[in-house]
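# Close look at the chain arrangement
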Amino acid sequence: VLLDMKATGGELGWLTWPPNQGDRSGWEVTQKTLNGSQFYTYSICNVGEREQDNWLRTTFVQRRPLVSRVFVELQFIVRDCNSFDGASLTCKETFNLYASEADADVGTTFRKGQFRKVATIAPDEITNKNEMRINKETKVVENLSQKGFYLAFQDIGACVALLSVRVYYKTCPATTKSLALFPETVAGGESQALKEVTGRCVDNADSEDLPRIYCTVDGAWVVPVGQCQCNTGFEEVEDSCEGDFLFSRYRLLSYLDVSWLSTPAITQAFDFVLLLCFNSL
(Lines give C-alpha, C1' and ligand atoms only; values in the text may rest on other atoms or scores of the structure.)
Protein backbone atom coordinates (compact mmCIF):
# COMPACT_ATOMS: atom_id res chain seq x y z
CA VAL A 1 0.00 0.00 0.00
CA LEU A 2 1.46 3.35 -1.06
CA LEU A 3 -1.12 5.60 0.61
CA ASP A 4 -3.87 4.91 3.13
CA MET A 5 -5.88 7.89 4.29
CA LYS A 6 -7.49 6.07 7.22
CA ALA A 7 -4.32 4.35 8.43
CA THR A 8 -2.43 7.65 8.71
CA GLY A 9 -4.19 8.34 12.01
CA GLY A 10 -3.07 11.98 12.14
CA GLU A 11 -3.34 15.20 10.18
CA LEU A 12 -2.98 14.40 6.51
CA GLY A 13 -1.45 17.68 5.44
CA TRP A 14 -3.15 17.65 2.06
CA LEU A 15 -3.13 20.86 0.04
CA THR A 16 -6.31 22.78 -0.79
CA TRP A 17 -6.59 25.21 -3.69
CA PRO A 18 -7.45 28.07 -4.11
CA PRO A 19 -5.80 28.92 -0.78
CA ASN A 20 -7.83 32.05 0.06
CA GLN A 21 -11.49 32.23 -0.94
CA GLY A 22 -12.82 34.90 1.40
CA ASP A 23 -16.29 33.94 2.58
CA ARG A 24 -16.35 30.87 0.31
CA SER A 25 -15.21 27.62 1.87
CA GLY A 26 -13.16 25.02 0.00
CA TRP A 27 -12.31 21.46 1.02
CA GLU A 28 -12.40 21.17 4.81
CA VAL A 29 -10.83 18.51 7.01
CA THR A 30 -12.88 16.90 9.77
CA GLN A 31 -11.78 14.52 12.50
CA LYS A 32 -13.93 11.43 13.04
CA THR A 33 -13.89 8.62 15.62
CA LEU A 34 -14.86 5.07 14.71
CA ASN A 35 -14.52 2.10 17.10
CA GLY A 36 -12.20 4.13 19.29
CA SER A 37 -9.87 5.08 16.42
CA GLN A 38 -9.51 8.57 15.01
CA PHE A 39 -9.32 9.34 11.31
CA TYR A 40 -9.73 12.35 9.07
CA THR A 41 -12.09 13.08 6.21
CA TYR A 42 -12.37 15.89 3.68
CA SER A 43 -15.65 17.43 2.59
CA ILE A 44 -17.05 20.32 0.60
CA CYS A 45 -20.59 21.56 -0.08
CA ASN A 46 -20.69 24.78 -2.11
CA VAL A 47 -23.80 23.80 -4.04
CA GLY A 48 -25.32 27.29 -3.98
CA GLU A 49 -22.48 29.02 -5.80
CA ARG A 50 -21.64 29.07 -9.49
CA GLU A 51 -18.39 28.13 -11.24
CA GLN A 52 -16.86 26.01 -8.52
CA ASP A 53 -13.28 24.84 -9.02
CA ASN A 54 -11.95 23.57 -5.70
CA TRP A 55 -8.94 21.25 -5.55
CA LEU A 56 -7.64 18.88 -2.89
CA ARG A 57 -4.14 17.46 -3.45
CA THR A 58 -2.49 14.59 -1.59
CA THR A 59 1.05 14.62 -0.25
CA PHE A 60 3.83 13.22 -2.46
CA VAL A 61 3.41 9.47 -3.00
CA GLN A 62 6.66 7.59 -3.58
CA ARG A 63 6.52 5.15 -6.49
CA ARG A 64 8.10 1.74 -5.89
CA PRO A 65 10.63 0.41 -8.43
CA LEU A 66 8.97 -1.36 -11.40
CA VAL A 67 5.51 -0.09 -10.39
CA SER A 68 3.90 1.63 -13.39
CA ARG A 69 0.25 1.00 -12.53
CA VAL A 70 -1.55 1.81 -9.27
CA PHE A 71 -5.11 1.40 -8.04
CA VAL A 72 -6.93 4.23 -6.28
CA GLU A 73 -9.69 2.96 -4.01
CA LEU A 74 -12.14 5.64 -2.88
CA GLN A 75 -14.90 5.66 -0.28
CA PHE A 76 -17.12 8.71 -0.46
CA ILE A 77 -20.56 10.22 0.01
CA VAL A 78 -22.38 12.46 -2.47
CA ARG A 79 -25.54 14.24 -1.42
CA ASP A 80 -28.62 14.25 -3.62
CA CYS A 81 -29.06 17.65 -5.27
CA ASN A 82 -32.83 17.27 -4.88
CA SER A 83 -32.37 17.23 -1.11
CA PHE A 84 -31.59 20.96 -1.21
CA ASP A 85 -35.24 21.74 -2.04
CA GLY A 86 -34.37 23.36 -5.34
CA ALA A 87 -32.30 26.04 -3.64
CA SER A 88 -29.35 25.23 -5.87
CA LEU A 89 -29.57 25.26 -9.65
CA THR A 90 -25.82 24.70 -10.02
CA CYS A 91 -25.52 21.59 -7.80
CA LYS A 92 -23.51 18.67 -9.18
CA GLU A 93 -23.34 15.01 -8.13
CA THR A 94 -19.88 14.12 -9.46
CA PHE A 95 -16.27 15.12 -8.85
CA ASN A 96 -13.02 14.49 -10.72
CA LEU A 97 -9.83 12.54 -10.01
CA TYR A 98 -6.49 13.80 -11.37
CA ALA A 99 -2.84 12.70 -11.15
CA SER A 100 0.51 14.39 -11.64
CA GLU A 101 4.01 12.85 -11.64
CA ALA A 102 7.21 14.37 -10.24
CA ASP A 103 10.76 13.30 -9.46
CA ALA A 104 10.73 15.19 -6.14
CA ASP A 105 8.28 16.63 -3.63
CA VAL A 106 7.25 20.10 -4.82
CA GLY A 107 5.87 21.11 -1.42
CA THR A 108 3.01 23.60 -1.58
CA THR A 109 3.57 24.49 -5.25
CA PHE A 110 0.38 23.75 -7.18
CA ARG A 111 -0.28 24.10 -10.90
CA LYS A 112 -3.49 22.72 -12.36
CA GLY A 113 -1.92 22.39 -15.80
CA GLN A 114 0.47 19.70 -14.55
CA PHE A 115 -2.37 17.32 -13.68
CA ARG A 116 -3.98 14.86 -16.08
CA LYS A 117 -7.53 13.70 -15.61
CA VAL A 118 -7.92 10.09 -14.52
CA ALA A 119 -11.70 9.78 -14.19
CA THR A 120 -14.98 11.41 -13.32
CA ILE A 121 -16.23 9.92 -10.05
CA ALA A 122 -19.97 9.32 -10.01
CA PRO A 123 -21.79 7.65 -7.11
CA ASP A 124 -23.84 4.49 -7.52
CA GLU A 125 -26.01 5.69 -4.65
CA ILE A 126 -26.64 9.24 -3.47
CA THR A 127 -27.35 10.37 0.07
CA ASN A 128 -30.60 12.12 0.91
CA LYS A 129 -31.73 13.87 4.08
CA ASN A 130 -32.78 10.67 5.82
CA GLU A 131 -30.27 8.04 4.75
CA MET A 132 -26.49 8.11 4.20
CA ARG A 133 -25.07 6.03 1.35
CA ILE A 134 -21.35 5.24 1.21
CA ASN A 135 -19.91 4.51 -2.23
CA LYS A 136 -16.77 2.54 -3.00
CA GLU A 137 -15.01 2.82 -6.33
CA THR A 138 -11.56 1.90 -7.67
CA LYS A 139 -9.78 3.68 -10.52
CA VAL A 140 -6.47 2.89 -12.23
CA VAL A 141 -3.58 5.29 -12.85
CA GLU A 142 -1.41 3.95 -15.68
CA ASN A 143 2.03 4.53 -17.18
CA LEU A 144 3.79 5.94 -14.12
CA SER A 145 7.52 6.41 -14.63
CA GLN A 146 8.83 9.16 -12.36
CA LYS A 147 9.92 8.83 -8.73
CA GLY A 148 6.52 9.69 -7.34
CA PHE A 149 3.13 11.25 -7.97
CA TYR A 150 0.30 13.30 -6.54
CA LEU A 151 -3.43 12.68 -6.69
CA ALA A 152 -5.92 15.54 -6.74
CA PHE A 153 -9.68 15.79 -6.38
CA GLN A 154 -11.55 18.55 -8.17
CA ASP A 155 -14.94 19.74 -6.90
CA ILE A 156 -17.13 21.48 -9.46
CA GLY A 157 -20.13 22.18 -7.23
CA ALA A 158 -21.10 18.94 -5.49
CA CYS A 159 -21.74 18.15 -1.84
CA VAL A 160 -19.05 15.51 -1.25
CA ALA A 161 -17.42 13.81 1.72
CA LEU A 162 -14.22 11.91 0.97
CA LEU A 163 -13.97 9.20 3.64
CA SER A 164 -11.07 7.08 2.45
CA VAL A 165 -8.34 7.10 -0.20
CA ARG A 166 -6.18 4.01 -0.54
CA VAL A 167 -3.48 3.64 -3.20
CA TYR A 168 -1.91 0.25 -3.87
CA TYR A 169 -0.36 -1.91 -6.58
CA LYS A 170 -0.64 -5.62 -7.38
CA THR A 171 2.02 -8.32 -7.38
CA CYS A 172 2.20 -11.98 -8.27
CA PRO A 173 3.36 -13.64 -5.02
CA ALA A 174 6.51 -15.74 -4.77
CA THR A 175 5.62 -19.32 -5.68
CA THR A 176 6.96 -22.77 -6.54
CA LYS A 177 5.57 -24.63 -9.54
CA SER A 178 6.90 -27.90 -10.97
CA LEU A 179 9.99 -27.66 -8.72
CA ALA A 180 10.77 -24.16 -10.08
CA LEU A 181 11.03 -21.09 -7.86
CA PHE A 182 9.52 -17.80 -9.09
CA PRO A 183 10.08 -14.53 -7.15
CA GLU A 184 7.43 -12.02 -6.14
CA THR A 185 6.83 -9.90 -9.23
CA VAL A 186 5.17 -6.50 -9.68
CA ALA A 187 2.25 -6.86 -12.10
CA GLY A 188 2.56 -5.01 -15.40
CA GLY A 189 0.29 -2.36 -16.90
CA GLU A 190 -1.76 -1.93 -20.03
CA SER A 191 1.38 -1.98 -22.19
CA GLN A 192 2.49 -5.30 -20.68
CA ALA A 193 -0.60 -7.33 -19.84
CA LEU A 194 1.50 -10.48 -19.39
CA LYS A 195 4.95 -10.14 -17.83
CA GLU A 196 7.28 -13.07 -18.51
CA VAL A 197 9.25 -14.21 -15.46
CA THR A 198 12.15 -16.67 -15.48
CA GLY A 199 12.51 -18.98 -12.50
CA ARG A 200 15.18 -21.29 -11.16
CA CYS A 201 15.06 -24.92 -10.09
CA VAL A 202 14.90 -25.82 -6.41
CA ASP A 203 18.02 -27.30 -4.82
CA ASN A 204 19.02 -30.70 -6.21
CA ALA A 205 16.95 -30.23 -9.36
CA ASP A 206 17.74 -29.23 -12.95
CA SER A 207 16.01 -28.36 -16.21
CA GLU A 208 17.16 -28.41 -19.81
CA ASP A 209 15.62 -24.97 -20.36
CA LEU A 210 14.99 -22.25 -17.79
CA PRO A 211 11.41 -22.53 -16.48
CA ARG A 212 9.15 -19.58 -17.30
CA ILE A 213 5.75 -18.30 -16.23
CA TYR A 214 3.63 -15.19 -16.84
CA CYS A 215 2.32 -12.63 -14.33
CA THR A 216 -1.02 -10.96 -15.24
CA VAL A 217 -2.06 -7.38 -14.50
CA ASP A 218 -4.36 -8.75 -11.79
CA GLY A 219 -1.50 -10.40 -9.90
CA ALA A 220 -2.09 -14.01 -10.98
CA TRP A 221 0.40 -16.55 -12.36
CA VAL A 222 -0.61 -18.20 -15.65
CA VAL A 223 0.87 -20.44 -18.39
CA PRO A 224 3.91 -22.10 -16.78
CA VAL A 225 6.43 -23.27 -19.40
CA GLY A 226 8.96 -26.00 -18.69
CA GLN A 227 9.61 -27.89 -15.49
CA CYS A 228 12.48 -29.05 -13.31
CA GLN A 229 13.37 -32.65 -12.47
CA CYS A 230 15.07 -33.97 -9.36
CA ASN A 231 18.67 -35.01 -9.91
CA THR A 232 19.68 -38.68 -9.79
CA GLY A 233 19.51 -39.94 -6.22
CA PHE A 234 16.87 -37.46 -5.13
CA GLU A 235 13.11 -37.79 -4.91
CA GLU A 236 10.37 -35.15 -5.20
CA VAL A 237 8.75 -34.38 -1.83
CA GLU A 238 6.09 -31.67 -2.15
CA ASP A 239 8.02 -28.69 -3.62
CA SER A 240 11.55 -29.96 -3.00
CA CYS A 241 13.98 -32.73 -3.89
CA GLU A 242 15.13 -34.90 -0.98
CA GLY A 243 18.02 -37.36 -1.01
CA ASP A 244 17.15 -41.08 -1.20
CA PHE A 245 19.33 -41.90 1.82
CA LEU A 246 16.76 -40.30 4.12
CA PHE A 247 14.10 -42.61 2.77
CA SER A 248 16.49 -45.55 2.99
CA ARG A 249 16.94 -44.81 6.66
CA TYR A 250 13.22 -44.81 7.32
CA ARG A 251 12.69 -47.97 5.29
CA LEU A 252 15.53 -49.70 7.13
CA LEU A 253 14.37 -48.59 10.57
CA SER A 254 10.89 -49.93 9.84
CA TYR A 255 12.32 -53.46 9.65
CA LEU A 256 14.64 -53.31 12.67
CA ASP A 257 14.33 -53.07 16.42
CA VAL A 258 15.92 -49.62 16.68
CA SER A 259 14.87 -48.44 20.12
CA TRP A 260 18.57 -48.06 20.92
CA LEU A 261 18.85 -45.44 18.10
CA SER A 262 16.65 -42.96 19.90
CA THR A 263 19.41 -40.61 21.06
CA PRO A 264 20.18 -37.66 18.72
CA ALA A 265 23.90 -38.40 18.54
CA ILE A 266 23.38 -42.01 17.43
CA THR A 267 20.66 -40.96 14.98
CA GLN A 268 22.98 -38.39 13.35
CA ALA A 269 25.79 -40.99 13.14
CA PHE A 270 23.38 -43.46 11.49
CA ASP A 271 22.41 -40.83 8.91
CA PHE A 272 26.07 -40.10 8.23
CA VAL A 273 26.87 -43.77 7.60
CA LEU A 274 23.91 -44.05 5.22
CA LEU A 275 25.08 -40.92 3.37
CA LEU A 276 28.58 -42.40 2.96
CA CYS A 277 27.08 -45.59 1.62
CA PHE A 278 24.88 -43.68 -0.77
CA ASN A 279 27.78 -41.59 -2.12
CA SER A 280 29.88 -44.72 -2.70
CA LEU A 281 27.30 -46.20 -5.06
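Preceding this section is the structure that the text describes.
What comes next is a walk through the structure. Per chain, residue numbering runs from 1 following the sequence as it is written. Reporting of local features is limited, given that this is a predicted model, to residues whose pLDDT is at least 70; pairs of side-chain atoms are given and counted only at 80 or more, and all residues count toward the totals for whole chains, interfaces and linings. Side-chain measures were taken over the full set of non-hydrogen atoms in the model, leaving aside hydrogen atoms and water.

## What about the packing of aromatic side chains?
Two aromatic rings, drawn from Phe, Tyr or Trp (for Trp, its six-membered ring), form a pair once their centres lie within 6.5 Å of each other, and the interplanar angle then sorts them: stacked below 30 degrees, edge-to-face above 60, tilted otherwise. Tallied over the entire structure, the rule returns 10 aromatic pairs. Between Phe60 and Tyr150, the ring centres sit 5.3 Å apart and the planes meet at 55 degrees, which makes this aromatic pair tilted. Of this pair, Phe60 sits in the loop between β5 (54-57) and β6 (61-62) while Tyr150 sits in strand β11 (residues 148-155), and the two are 90 residues apart along the sequence. Residue exposure (1.4 Å probe, protein chains only): buried if accessible area is under 20% of the type maximum, exposed if over 50%, otherwise partly exposed. When its relative accessible area of 3% is taken as the criterion, Tyr150 is described as buried. Among the aromatic residues, ring-to-ring pairing joins Trp17, Trp55, Tyr98, Phe110 and Phe115 into one connected group. A cation over an aromatic ring shows up here: Lys170 above the ring of Phe71, its NZ or CZ 4.6 Å from the ring centre. In DSSP terms, a helix is any run of H or I states spanning at least four residues, a strand is any run of E spanning at least two, and both are numbered starting from the N terminus. Cation placement over rings: the criterion is NZ of Lys or CZ of Arg within 6 Å of the ring centroid and within 35° of the ring normal.

## Observations concerning the state of the cysteines
Throughout, a disulfide means two cysteine sulfur atoms within 2.5 Å of one another. Scanning all chains against the criterion turns up 5 disulfides. A sulfur-sulfur distance of 2.1 Å marks the disulfide that ties Cys172 to Cys215. Across the disulfide from Cys172 to Cys215, rotation about the S-S bond amounts to roughly 95 degrees, and the bridge is consequently right-handed. Of this pair, Cys172 sits in strand β13 (residues 171-172) while Cys215 is found in strand β20 (residues 212-216), placing the two residues 43 residues apart along the sequence. The buried category is assigned to Cys172, whose relative accessible area is 0%. The exposure class assigned to Cys215 is buried, which follows from its relative accessible area of 0%. Put simply, Cys201 and Cys228 are joined by a disulfide, and their sulfur atoms are 2.1 Å apart. Taking the sign of the S-S torsion, -85 degrees for the link of Cys201 and Cys228, the bridge is left-handed. Taken together, the residues Cys201 in strand β18 (residues 200-201) and Cys228 in the loop between β21 (221-225) and β22 (229-230) connect sequence positions 27 residues apart. Look at Cys228 and you get buried, because its relative accessible area is 3%. For the protein chain, the bonded cysteines pair up as 1-4, 2-3, 5-7, 6-8, 9-10 when numbered in the order they occur along the sequence.

## Describing the pairing of strand β8 (residues 95-102)
Among the 8 residues of β8, 7 are classified as buried, and the element is accordingly described as predominantly covered. Here, a strand pair is defined by DSSP locating no fewer than two bridges between the strands. Pairing of β8 with strand β9 (residues 116-121), which is carried by 5 bridges, proceeds in the antiparallel orientation. Bridging from a neighbouring strand, Leu97 pairs with Ala119 of β9. Sheet topology places β8 next to β11; 8 bridges connect them, and they run antiparallel. Opposite Phe95, over in β11, you have Asp155 as the bridge partner.

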